[in-house]
Amino acid sequence: MTLDFSGKVAIVTGASRGIGRATALTLARAGGAVVAAARSDHAATVVDEITRAGGRALAVGTDVTDDAAVRALVDRALATFGRVDVLVNNAGIARDQLLLRMKREDWDAVLTTNLTAAFMCSQAVLKPMIKQRAGRIVSISSVVGQSGNAGQANYAATKAGLMGFSKALARELASRNITVNVVAPGLIDTDMTRAISAGTQSDWAAQIPLGRLGTPEEVAAAVCFLASDAAAYITGQVLAVNGGMYM
Ligand SMILES: NC(=O)c1ccc[n+]([C@@H]2O[C@H](COP(=O)([O-])OP(=O)(O)OC[C@H]3O[C@@H](n4cnc5c(N)ncnc54)[C@H](OP(=O)(O)O)[C@@H]3O)[C@@H](O)[C@H]2O)c1
């Protein structure tokens, strides 16, 4: 299936690396204008790559934990491209620790970045999407939000939270022709998983029926499908991209 995002504008948070970067590149290759958000000037490289290939993109330095920065991000998108059709809530962090030793600051940082930011970004795009009577919101959850994982109580809480959040929003927004869905990746080869030792990575890969980690591009394909016109009748769903790790 060839997806066509011509004339569409997509905001991708955490677009500097990994899954967000792959999603920004895939959307741009399909003709979409991409507003790439990451902290400081981190999204400049992906934006250069898109514009050098003839696409349209704008880097906006955004800390998604900052309400004012999130509002400014959406305002820049509207001022530059005139509309917002797609929001991809992708920015995320992990601060792993067994609960007995987990610090309140690590709980708060993960909750704010992974869950509260999705609330703020989604709220900020609602007005333009409702006005357009069309929109797509896709949030990146995780297999950990479905299965749980020792040492990731904070992370798992946010990833499960994104699923409940998205289902509630899907019901609120269906009458406005805005769909809200979730992609739940398994183990994907990015900076986030490269921080884990090679031994642990290969132990994990042994638990994956397809026998390997996924690529950011494989997750981006699912995100872009849900963000496309082809997914017009899909809302409130969780699409797992996990090599069969959890079924
Ligand atoms: N990799 C996996 O196996 C896996 C599996 C399941 C789910 N996920 C989820 O997929 C998403 C992307 O993960 P990834 O593996 O691609 O991670 P990554 O390579 O570590 O990239 C994380 C992205 O999030 C951005 N980010 C973090 N904190 C931010 C903040 N406060 N404001 C703005 N941007 C921020 C980073 O931008 P900066 O340049 O500003 O740091 C970066 O672009 C995350 O939500 C993650 O939880 C990943």
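Coordinates for the structure precede this section.
Calculation rules
Residues numbered from 1 in each chain as written. Predicted model: local features only at pLDDT ≥ 70, side-chain atom pairs only at ≥ 80, totals over all residues. Heavy atoms only, no water. Helix = DSSP H or I, 4+ residues; strand = E, 2+ residues; numbered from the N terminus. Buried < 20%, exposed > 50% of the residue type's maximum accessible area, 1.4 Å probe, protein only. Near = heavy atom within 4 Å. Polar contact = N/O pair within 3.5 Å; in protein donor to acceptor, adjacent residues only side chain to side chain. Areas by Shrake-Rupley, 256 points an atom, 1.4 Å probe, with all protein chains shown as cover. 1 Å grid on protein atoms, 1.4 Å probe; cavity = no way out; pocket = protein on both sides within 12 Å on 5 of 7 lines; lining within 4 Å. Sits in = over half its atoms within 2 Å of the grid points. Nonpolar A, V, L, I, M, F, W, Y, C, P; charged D, E, K, R; others polar.

### Side note on unusual backbone geometry
- Notably, Arg133 is not glycine yet its phi reads approximately 55°, a positive angle.
- For Arg133, the position within the fold is in the loop between α4 (104-132) and β5 (135-140).
- Its relative accessible area of 48% is what places Arg133 among the partly exposed residues.
- The phi dihedral of Asn177 is positive, around 65°, even though this residue is not glycine.
- The exposure class assigned to Asn177 is partly exposed, which follows from its relative accessible area of 43%.

### So, the site of the ligand
- Among the 31 residues in the neighbourhood of the ligand, the closest are listed as Ser16, Arg17, His42, Tyr155 and Thr190.
- At 2.6 Å from an oxygen atom of the ligand is found a side-chain nitrogen or oxygen belonging to His42.
- Within the side chain of Tyr155, one N or O atom sits 2.5 Å away from an oxygen atom of the ligand.
- Protein burial of the ligand: of its 890 Å² of free accessible surface, 96% is covered by the chains.
- Put simply, the ligand lies in the largest pocket.
- Those elements giving two or more residues to the shell around the ligand turn out to be α1 (18-29), α6 (153-173) and α7 (191-194).
- Top contributing element to the shell around the ligand by residue count: α7, with three residues.
- Along the lines of polarity and charge, the residues of the shell around the ligand split into twelve nonpolar, 14 polar and five charged.

Limitation: the analysis is restricted to geometry and does not speak to function.
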